[in-house]
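Observations on chain architecture
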Amino acid sequence: MTDERGSGGRRDDARRNGAGSSAGAGRRARHDRSREPKQVRVSPARIVAYEVLEAVRTDEAYANLLMPNRIERSRLSPEDAALATELGYGTLRMQGFYDAVIALAAGRPTDRIDAPVLDILRLGAHQLLSTRVPTHAAVNESVVLAKRIAPGAAGFVNAVLRTVSRTSPDEWREHVARDTAGGADAKLAAVSSHPKWIVRALRAGLAHEGRGDELDALLAADNAAPRVNLVALPGSDAPGPGDLGRPNAYSPLGFTADHPLALVEQSQGRVRVQDEGSQLAALALTRARPVAPGERWLDLCAGPGGKTAILAAEALASAAVLDANEIVPARAELVRKAIAGVALAVEVHELDGRELDAAALGAEGGFDRILLDAPCTGLGALRRRPEARWRKQPADVAELTKLQGELLDAAIRSLRPGGVLAYVTCSPHSAETFGTLRGALERHAGKVSQLDTRAVVDAVSRHPLDLAGTPETVQLWPHRHGTDAMFIALLERTA
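Residues numbered from 1 in each chain as written. Predicted model: local features only at pLDDT ≥ 70, side-chain atom pairs only at ≥ 80, totals over all residues. Heavy atoms only, no water.

1. What about the overall build of the protein chain?
So the rule is basically this: Each helix corresponds to a stretch of at least 4 residues labelled H or I by DSSP, and each strand to a stretch of at least 2 residues labelled E; elements are numbered beginning at the N terminus. For the radius of gyration, the atom set is restricted to C-alpha positions; the globular benchmark scales as 2.2 Å times the number of residues to the power 0.38. Only protein chains enter the calculation, and the probe is 1.4 Å; a residue is then buried if its accessible area is under 20% of its type maximum, exposed if over 50%, and partly exposed in between. Every accessible area reported is derived by Shrake-Rupley at a probe size of 1.4 Å, with residue values counting cover from the shown protein chains alone. Note that His is not counted, nor are the chain ends; the positive residues are Lys and Arg, and the negative ones are Asp and Glu. A charge is said to be at NZ when it belongs to Lys, at CZ for Arg, at CG for Asp and at CD for Glu.
A tally of helices and strands in the protein chain yields 23 helices and twelve strands. Relative to the compact-globule value of 23 Å for 495 residues, the protein chain shows a C-alpha radius of gyration of 25 Å, a close match. Once the C-alpha set of the protein chain is aligned to its principal axes, its extents read approximately 75 × 50 × 40 Å. With 495 residues in all, the protein chain has 55% of them scored as buried. For the protein chain, the computed accessible surface area is about 20500 Å², with 51% contributed by carbon and sulfur atoms. Of note, the protein chain has its 62 positive side-chain charges centred 6 Å away from the centre of its 62 negative side-chain charges.

Printed below as a string of structure tokens:
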């Protein structure tokens, strides 16, 4: 940036104060916190947020799994828990944009800033540019955190964040766009804090529906904190969504509440945190047609078990039999915990789904209904898994689509004639949705046909959904439906 933009001179101050931010300073202080000066204090919410960022960076932790654990361990008040969540998740979502701002304010690439110091700067930038935290509190608390983590970099942190604070968020977006090379997509990616390949994938997904002009709204929705959505598992004596909170617009099982986690804890497994789109995906299979008593159902890739729990409750109500499969033992255990609140005996297998043998599982002639919630890039859940956009790479798509195709082949082989298969991904990437589906239809021509998935989902939904594209598939969107970007396609075995 230049002096005409109002920060060139201050950037030089940041450079001079950056002398203490060498790579060694942060590492020497990072884990030696027992020797910190007693007068150094920092709010517990910021400590938790920083620890989550650190674990995501160093241990490839999942923020959505780690944050609740750290909040509970630190015994944060509800207010501090909310702040820690906003700081941790918000910083991870907007990390790309903040890095561009920090590089301009510091006058150096972020790869020349020690990683712990960079995490502190990202946290500070998030408070300054995306929250109502007062400027003095955001800067001062960040400096105190630097004194705790990397004392030699405290002056550098102070200088950079004061430079950031002197320019408005809108002006920073202009500066970042102007400073980013590589064309319009690169500029949009930098400002919206998405990798360029994801921006292009999302545009292609929208364009498939003739809705390419919604890209900006989708990118903004990806960066917004999602509401905590709940599901009330159906049962003859179980309270419904209207008894527990505010019913969702679409899922007949979903609702929101003022104190969601307390409801979950008190429900003995009957109330769970679950995105509304995931609920609709499971219900599309169970309610695609009336259930005949004794039907055999399978959740082929069940972990971590949210959809399995809905299938179990629906199977219990319909006198159907449910099996679940999850190849990863730790995730299989999560499935067992997820279905513990449903009084149905569900066998959880730990098999490679590509080698599925329906007869070996006791389903002679095949299963009547199969849910294939396929492993995918997860680009539809970037709101809830904030670090995912920085971990996934374009090369992952080819590997995943190969796996999806093999699993879909196995599911079709294991489906009895007349049986229904739901192919589901939490990704709108065209290769993982229409590409995988088209390949399976070609390989199994004459054996499977597509059902009117839109009609099924519309019939399940409490209110009409704004859906586009062809009737054979349903694509949900964060900006349009307030759900994760779930893709749903129903197939029927015809021969």
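2. A short note on the pattern of salt bridges
Quick note on the threshold: Salt bridges, as used here, are contacts in which a Lys or Arg side-chain nitrogen is within 4 Å of a carboxyl oxygen on Asp or Glu.
Inspection of every chain in the model, using the stated rule, returns 32 salt bridges. Put simply, Asp466 and Arg211 hold a salt bridge, and the shortest N to O gap is 2.9 Å. Highlighted residues: Asp466 in the loop between α22 (453–460) and β11 (473–475) and Arg211 in the loop between α12 (196–207) and α13 (215–222), separated in sequence by 255 residues. Of the charged contacts in the structure, one is a salt bridge between Asp484 and Arg384, with a shortest N-O distance of 3.1 Å. One end of the pair, Asp484, is in the loop between α23 (478–481) and β12 (487–493); the other, Arg384, is in the loop between β8 (367–373) and α19 (388–391), with 100 residues separating them in the sequence. Residue Asp484 is classed as buried on the basis of its relative accessible area of 4%. Taken together, the shared-partner salt bridges connect Glu209, Arg211, Glu214, Asp466 and Arg480 into one network.

3. Remarks on the packing of aromatic side chains
Inclusion rule: Two rings from Phe, Tyr or Trp (for Trp, the six-membered ring) form a pair when their centres sit within 6.5 Å of each other. Planes less than 30 degrees apart are called stacked, planes more than 60 degrees apart edge-to-face, and all others tilted. To sit over a ring, a charge needs its Lys NZ or Arg CZ within 6 Å of the ring centre and within 35 degrees of the ring normal.
Tallying each qualifying case throughout the model produces three aromatic pairs. Arranged with centres 5.2 Å apart and planes meeting at 75 degrees, the rings of Phe434 and Phe487 form a pair that is edge-to-face. Residue Phe434 is found in helix α21 (residues 431–443), and its partner Phe487 is found in strand β12; the two are separated by 53 residues along the sequence. Under the relative-accessibility criterion, Phe434 is labelled buried at 19%. For Phe487, a relative accessible area of 0% corresponds to the buried category. What links up through ring pairs into an aromatic cluster is the set Tyr423, Phe434 and Phe487. Sitting above the plane of the Tyr62 ring, Arg391 keeps its charged end 5.4 Å from the centroid.

4. Regarding the layout of surface pockets
What counts, and what does not: Site definitions follow a grid-based scheme: protein atoms alone, a 1 Å grid, a 1.4 Å probe that fits but cannot get out for cavities, and for pockets an open set with protein on both sides within 12 Å along at least five of seven lines, plus lining residues having an atom within 4 Å of a point. Grid points are joined across faces, edges and corners, and a volume is the space filled by probe spheres set on the points.
For the second largest pocket, the calculated volume is near 270 Å³. Surrounding the second largest pocket, 17 residues form its lining, Met94, Ser130, Arg173, Ala220 and Asn223 being those nearest its centre. Only α5 (78–93), α7 (115–130), α10 (169–179), α11 (184–192) and α13 provide two or more residues apiece to the lining of the second largest pocket.

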